Amino acid sequence: MAEKKGKEYKEVASKILGCTLASYYNWDKQGRPIISLLEKFFSKDDLEEFLETGDIKRLHSSDNYRIDPMLIDHIKHSLKTIKGRGIFEKLNHLIPYKIFISILEDLKNDSEIELHREDSKKLLIDRIKGYAASTLEKPSQKQLVNLVNDNFSSIECYVLIKYYDEILDKN
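### Quick look at the overall build of the protein
- Along its length, the protein carries eleven helices and zero strands.
- Reading the helices (α) and strands (β) of the protein from amino to carboxyl end gives α-α-α-α-α-α-α-α-α-α-α.
- Sorting the 171 residues of the protein into buried and exposed places 33% on the buried side.
- Here the protein displays about 10600 Å² of accessible surface, and carbon together with sulfur accounts for 50% of that area.

### Overview of the side chain of Ser-120
- The residue Ser-120 is located in helix H8 (residues 120-135) in this model.
- Exposure remark for Ser-120: the relative accessible area of 0% places this residue in the buried category.
- Discounting residues that sit within four places of it in the chain, Ser-120 has contacts with Leu-115, Ser-154, Cys-157, Tyr-158 and Ile-161.

### Describing the side chain of Lys-10
- Checked against the element boundaries, Lys-10 lands in helix H1 (residues 7-17).
- Contacts of Lys-10, omitting those with residues within four sequence positions, involve Lys-5, Leu-21, Tyr-24, Tyr-25, Asp-28 and Glu-39.

### So, the nonpolar core
- Judged by nonpolar contacts, the single largest core of 25 residues is most densely connected at Leu-104, Leu-124, Ile-128, Val-148, Leu-160 and Leu-168.
- For this core, the element with the highest residue contribution is helix H7 (residues 97-109), accounting for six residues.
- With sequence-adjacent residues up to four places away left out, Leu-124 is seen in contact with Ile-103, Leu-104, Leu-107, Val-148, Cys-157, Leu-160 and Ile-161.
- Formed by ten residues, the second largest nonpolar core is a distinct cluster that contains Tyr-9, Ala-13, Cys-19 and Ile-56.

### A few points about the pattern of salt bridges
- What the rule picks out here adds up to five salt bridges.
- Between Lys-44 and Glu-8 there is a salt bridge whose closest N-O contact spans 3.8 Å. Within this pair, whereas Lys-44 is found in helix H4 (residues 44-53), its partner Glu-8 is found in helix H1, the two being separated by 36 residues in sequence.
- Given the relative accessible area of 52%, Glu-8 is considered exposed.
- Residues joined in a network through salt bridges with shared partners are Glu-8, Lys-44 and Glu-48.

### So, the environment of Tyr-158
- In this fold, Tyr-158 is placed in helix H10 (residues 154-162).
- Residue Tyr-158 is classed as buried on the basis of its relative accessible area of 5%.
- For the pair Tyr-158 and Ile-72, spaced 86 residues apart in sequence, the C-alpha separation works out to 9.6 Å.

About the cut-offs
- Residues numbered from 1 in each chain as written.
- Predicted model: local features only at pLDDT ≥ 70, side-chain atom pairs only at ≥ 80, totals over all residues.
- Heavy atoms only, no water.
- Helix = DSSP H or I, 4+ residues; strand = E, 2+ residues; numbered from the N terminus.
- Buried < 20%, exposed > 50% of the residue type's maximum accessible area, 1.4 Å probe, protein only.
- Areas by Shrake-Rupley, 256 points an atom, 1.4 Å probe, with all protein chains shown as cover.
- Contact = heavy atoms within 4.5 Å.
- Core = buried A, V, L, I, M, F, W, Y, C linked by side-chain atoms within 4.5 Å.
- Salt bridge = Lys/Arg side-chain N within 4 Å of Asp/Glu carboxyl O.

This is the structure in structure tokens:
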């Protein structure tokens with residue numbers, strides 16, 4: 001059940017709904033789902049921002065692409081278990097480990113990109129191509145891109161970028 005909000009919140013919410021404050025209280029008592037939805041997912045600031053601008057900026061942020069924490073933990077564990085074996089050994093053979101860490105750090109900290117799970121694989125491959133162009137021979141670059149492309153899903157790339165320090169035991 002949604003946490004009950006104060007009078008100021010309800011005043012702003014009633015403006016969103018186009019009803020009186022008394023109607024809002026009645027709808028709340030009646031258990032109308034719209035009230036629970038508003039109170040559960042939108043703050044007073046969100047509602048005020050919407051009234052002022054017709055938009056809520058935080059809804060466009062990459063932080064709103066919520067992934068179940070259990071899925072993240074599973075992916076972290078899966079990626080950790082292959083560290084030092086298989087894929088990461090091949091990766092380390094094709095590109096120095098420090099460069100790979102730099103690529104992941106740059107992606108995670110790049111304020112000009114919004115990291116979305118759907119774009120993560122493409123972003124990682126594009127960034128590898130950029131780094132690899134100056135440090136690797138063309139066949140190695142192609143092998144590295146193919147390695148990532150063939151062995152990592154977009155969600156795995158997303159988790160790898162967001163949590164590389166935990167996955168790769170970077171301290």
